Amino acid sequence: MTSADRARARMVDALVRGGRVRSAAVEEALRAVPRHLFLPGVEIDAAYADEAVAVQHVDGVATSSASQPSMVAIMLEQLALAPGQSVLEVGAGTGWNAALMDRIVGATGSVTSVDIDADLVRSAAVHLAAAGSPDVRLVCGDGARGHPPDAPYDRIVLTVGSADVRPEWVAQLAPGGRLLVPLAVRGSQLSVALDLGSDGVLRSDSVRGCSFIRLRGIGAGSDMRARPVEGLWVDVPEAASPDVDPALVAAALDAPGPVLTAEVPLGASDIWDGFGFWLALTEPGTVRLMADDDHDVPPSAVALAAGPALAVVAGGTTSSLVRAFGPGSEAVAHRVVAALQRWVAAGSPSTADLEVTVVPRTSEPTPAGPARVDKAYSTVLLGWPSPAAP
Ligand SMILES: C[S@@+](CC[C@H](N)C(=O)[O-])C[C@H]1O[C@@H](n2cnc3c(N)ncnc32)[C@H](O)[C@@H]1O
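Being a predicted model, the structure only gives us computed values, none of them experimental.

**Digging into the overall build of the protein**
When you go through the protein residue by residue, the secondary structure sums to 10 helices and 19 strands. By the compact-globule yardstick of 21 Å for 390 residues, the protein fits well, its C-alpha radius of gyration being 21 Å. Along the first, second and third principal axes, the C-alpha set of the protein runs to 60 × 50 × 35 Å. For the protein, buried positions account for 53% of its 390 residues.

The structure is reproduced here in structure tokens:
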């Protein structure tokens, strides 16, 4: 056994222990496919750490990476691949995920993987050959259009964040097929596995929080990760909210105000997947922040912006803090505390409990209950089964 084999075994053991890997097929693929061969030049320990490894940057922002192994495992479980299926991946990147899927669908199945960047496609081809997965079909193109020549697909998976559910993907799905897409919803991203019904409606089978690099090309949405100052990233909602201006968010952080305490414990996953998403659905000014040590906020935080005022949620094991920044921010912090109390009263739901329905863009009235997000091509309805509905 080489040091790479040992590191890979440790990585997979941890993913199984942590409940990220649940099926024998996903476990076998992760054990078999050598991730380090998709990351030449990266130390073995780093190649098998549970971290995304960026392989391309433009203006300091990562534009391609080998995704975090735990997220890859979660998405492979959401995808529920079976031998013999045909799969389209949008976002070939290093080729690692394509190799994993190729392993699961086997010789009777097929994997087509598209990337918009010719250099990445070239290097993915080298990695796939080195790893012994020569059957993956690599295509350089804009995956927003899917890849009609190999359609229909049993599964279409995006490993890149999308602001919308494009009609091309729905049209290229086989009847009953599944689309797995990291979908921008009000400044958050949800990895949603959507099954295509015979009525043309997509209904979620499972939902998880995620954070992917955004689509480039014709599918590039208005949702974006802004970097208003060094060391601070602000995820801006796809439907521009007049409340959210990344420059004002950065300025607010220089003007700390009062700190409110809410008698509600909040762990990282509550902030990421639970209350953070509840706030996003109920308050259009919700933003996600990522900050380095030079900023006085948690490294990954959820906040409510209202022009120059900002209220940042900081978790805790017995109670949580809501920290106000900027002029007029105390009232905004009180709004966050009130939302926190409503979330607890609703049973502290998380994204995993969400039901998501996607229909072609419609002007039909929304059924009572779900929140509605209108995109350019689709209307997304989101709700928690009652009594949790916000
Ligand atoms: C997070 S990386 C994908 C990781 C990859 N699945 C792996 O296993 O290494 C996202 C990829 O999406 C690609 N991408 C962005 N916009 C795209 C588009 N419109 N069509 C196809 N690929 C795109 C980027 O070039 C990048 O390589």
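Anyway, onward from the coordinates.
**Thoughts on the site of the ligand**
Not every one of the 25 residues close to the ligand is listed here, only the nearest: Ser64, Thr94, Asp115, Gly143 and Arg216. Within the side chain of Ser64, an N or O atom sits 2.7 Å from an oxygen atom of the ligand. Within the side chain of Thr94, a nitrogen or oxygen atom sits 2.6 Å from an oxygen atom of the ligand. Every element with two or more residues in the shell around the ligand is listed here: β2 (61-66), β3 (86-90), α5 (96-105) and β4 (110-115).

**So, the pairing of strand β15 (residues 309-314)**
Here β15 lies mainly inside the structure; 6 of its 6 residues are buried. Along β15, one buried face is formed by Ala309, Ala311 and Val313 and the opposite face, lined by Leu310, Val312 and Ala314, is buried too. The antiparallel hairpin formed by strand β14 (residues 300-306) and β15 contains 2 residues in its connecting segment, where Gly307 sits at a positive phi of about 60 degrees. When β15 meets strand β16 (residues 320-325), the two strands line up antiparallel, connected through 5 bridges. Within β16, the position partnered with Ala314 by the bridge is Leu321. Once β15 ends, the chain turns through 5 residues before running back antiparallel as β16.

**Section: the environment of Val61**
When you line up the elements, Val61 lands in strand β2. Overall, Val61 belongs to the partly exposed group, its relative accessible area being 32%. Val61 sits 301 residues away from Thr362 along the chain, and the two C-alpha atoms are 35 Å apart.

**Focus: the sheet that holds strand β11 (residues 232-236)**
Pairing is antiparallel across the open sheet formed by 7 strands, whose spatial order is β10-β11-β13-β14-β15-β16-β12. Both outer strands of the open sheet, β10 (224-229) and β12 (256-262), are each paired with one neighbouring strand and no more. Averaged over neighbouring strand pairs, the angle between their axes works out to 30 degrees when direction is ignored. Sheet analysis places strand β13 (residues 286-291) next to β14, joined by 5 bridges and oriented antiparallel. If you follow Thr286 over to β14, its bridge partner there is Leu304. The sheet strands contacting helix α9 (residues 268-282) are β13, β14 and β15, and the helix crosses β13 at an angle near 140 degrees. In the packing of helix α10 (residues 329-345) onto the sheet, contacts are made with β12, β14, β15 and β16, and the angle to β16 comes to roughly 155 degrees.

**Let's talk about unusual backbone geometry**
Note: most peptide bonds trans; most residues except glycine with negative phi. Along the chain, Ala151 connects to Pro152 via a cis peptide bond; the corresponding omega equals 0 degrees. Its place among the elements puts Pro152 in the loop between β5 (137-140) and β6 (153-158).

**Details of the domain arrangement of the protein**
Partitioning the protein into domains gives domain 1 (53-219) and domain 2 (244-345). Measuring from the centre of the C-alpha atoms in domain 1 to the corresponding centre in domain 2 gives 32 Å. Across the contact, 9 residues belong to domain 1 and 8 residues belong to domain 2. For the domain 1 and domain 2 pair, buried surface summed over both sides reaches about 670 Å², with 56% attributable to carbon and sulfur atoms. It is Arg186, Ser188 and Gly209 that lose the most area in domain 1 upon contact with domain 2, and together they represent 60% of the buried surface on that side. Scanning the region where domain 1 abuts domain 2 turns up 4 residue pairs in polar contact (both at pLDDT 80 or more). Put simply, the parts of the chain that give the side of domain 1 that touches domain 2 at least two residues each are β8 (188-196) and β9 (202-210). Considering every element that reaches the side of domain 1 that touches domain 2, the biggest residue donor is β9, with 3 residues. A per-class count over the side of domain 1 that touches domain 2 returns 3 nonpolar, 4 polar and 2 charged.

**Regarding the environment of Gly285**
With respect to the secondary-structure elements, Gly285 resides in the loop between α9 and β13. Between the alpha carbons of Gly285 and Asp119 there is a distance of 38 Å; along the sequence they are 166 residues apart. Apart from residues lying up to four places away in sequence, Gly285 is in contact with Ser241, Asp243, Val244, Ala303, Leu304 and Ala305.

**Thoughts on the packing of helix α2 (residues 24-32) against α5**
The geometry of α2 relative to α5 is characterised by a closest axis approach of 9 Å and an angle of 125 degrees between their N-to-C directions. Between α2 and α5, the angle is such that the two are oblique. Note that α2 runs across α5; the crossing there is right-handed. On α5, the residues touching Ala25, Val26, Glu28, Ala29, Leu30 and Ala32 of α2 are Trp96, Leu100, Arg103 and Ile104. Across the contact of α2 with α5, the residue classes tally to 8 nonpolar, no polar and 2 charged.

**Overview of the nonpolar core**
Ranked by internal contacts, the top residues of the largest apolar core, which has 56 residues, are Leu158, Leu179, Phe275, Phe277, Val356 and Leu382. Formed jointly, this core draws a minimum of three residues from each of two domains, domain 1 (53-219) and domain 2 (244-345). Residue contacts for Val356: discarding those within four places in its chain leaves Val192, Leu194, Leu202, Arg203, Ser204, Val207, Val380, Leu381 and Leu382. Grouped together as the second largest cluster of nonpolar side chains are 40 residues, Val26, Tyr48, Ile104 and Leu180 included.

So, how was this worked out
Residues numbered from 1 in each chain as written. Predicted model: local features only at pLDDT ≥ 70, side-chain atom pairs only at ≥ 80, totals over all residues. Heavy atoms only, no water. Helix = DSSP H or I, 4+ residues; strand = E, 2+ residues; numbered from the N terminus. Rg over C-alpha atoms; globule rule 2.2 N^0.38 Å. Buried < 20%, exposed > 50% of the residue type's maximum accessible area, 1.4 Å probe, protein only. Near = heavy atom within 4 Å. Polar contact = N/O pair within 3.5 Å; in protein donor to acceptor, adjacent residues only side chain to side chain. Pairing = 2+ DSSP bridges. Axes fitted to C-alpha atoms, helices over the stretch in contact; angles between N-to-C directions. Contact = heavy atoms within 4.5 Å. Domains from an automatic or database assignment. Buried area = accessible area lost by both parts, 1.4 Å probe. Nonpolar A, V, L, I, M, F, W, Y, C, P; charged D, E, K, R; others polar. Parallel < 35°, antiparallel > 145°, perpendicular 65-115°, else oblique. Left-handed = near helix turned anticlockwise from the far one by under 90°. Core = buried A, V, L, I, M, F, W, Y, C linked by side-chain atoms within 4.5 Å.

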